[in-house]
Amino acid sequence: QVQLVESGGGLVQAGGSLRLSCVASGRISNNPTMGWFRQAPGKEREFVAAIGWNVGGTYCADSVKGRVTISRDNAKNTVYLQMNSLKPEDTAVYYCAQRTKITISAMRPEGYDYWGQGTQVTVSS
């Protein structure tokens, strides 16, 4: 099993920044892609960004491109999501996940079996 623990969420004013962290432990696969998703009240969970654990290739949703950077520290088994120029529409619970189904796009939550408990990000206008 894999355990994922997110942290770093909080309340921030529009235009501000936050850095989310996700620490992985347990039976981490050899080359997992790690993703960040978010879910706002009444909306479906949506893709934010993903990164290959070893290769390091990154993907970002168009809605956050240019404002979000995903990175990882393999030595610490940690993935980060740096979010800048935050907007009220970025308000959501942010989840870290480990991809397990490589035949499913990394941008779809169905491709991930392990999820953290989520961290709340609230952006005030």
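For clarity, every value in this text was computed on a predicted model and none was experimentally measured. (Residues numbered from 1 in each chain as written. Predicted model: local features only at pLDDT ≥ 70, side-chain atom pairs only at ≥ 80, totals over all residues. Heavy atoms only, no water.)

Draft legend 1. Structural view of the nonpolar core. Membership of the largest hydrophobic core comes to 33 residues, with the highest contact counts inside it found for Trp36, Val48, Val68, Leu81, Met83 and Tyr94. Contributing elements (two or more residues each) for this core: strand S1 (2–7), strand S3 (18–26), strand S4 (33–39), strand S5 (46–52), strand S7 (68–73), strand S8 (78–83), strand S9 (92–99) and strand S11 (119–124). The element contributing the most residues to this core is S5, with 5 residues. (Core = buried A, V, L, I, M, F, W, Y, C linked by side-chain atoms within 4.5 Å. Buried < 20%, exposed > 50% of the residue type's maximum accessible area, 1.4 Å probe, protein only. Helix = DSSP H or I, 4+ residues; strand = E, 2+ residues; numbered from the N terminus.)

Draft legend 2. Examining the environment of Ala106 more closely. Checked against the element boundaries, Ala106 lands in the loop between S9 and strand S10 (112–115). C-alpha separation for the pair Ala106 and Tyr59, spaced 47 residues apart in sequence, amounts to 8.5 Å. The contacts of Ala106, once residues within four sequence positions are left out, are Thr33, Phe37, Phe47, Ala50, Arg99 and Tyr112. (Contact = heavy atoms within 4.5 Å.)

Draft legend 3. View of the packing of aromatic side chains. Overall, the coordinates contain 5 aromatic pairs when judged by the stated rule. Residues Phe37 and Trp115 carry aromatic rings whose centres are separated by 5.2 Å and whose planes lie at 55 degrees to one another, so their mutual orientation is tilted. Here Phe37, found in strand S4, pairs with Trp115, found in strand S10; they are 78 residues apart in sequence, far enough to count as distant. Geometrically, the ring pair formed by Tyr95 and Trp115 is edge-to-face, given 6.4 Å between the ring centres and 80 degrees between the ring planes. A residue pair is termed long-range when its members are at least 10 positions apart, and Tyr95 in strand S9 and Trp115 in strand S10 qualify at 20 residues. Since its relative accessible area comes to 14%, Tyr95 is described here as buried. With relative accessibility at 26%, the residue Trp115 sits in the partly exposed group. In textbook terms, an aromatic cluster arises when at least three aromatic residues are bridged by ring pairs, as seen for Phe37, Phe47, Tyr95, Tyr112 and Trp115. (Phe/Tyr/Trp six-rings, centres within 6.5 Å; stacked < 30°, edge-to-face > 60°.)

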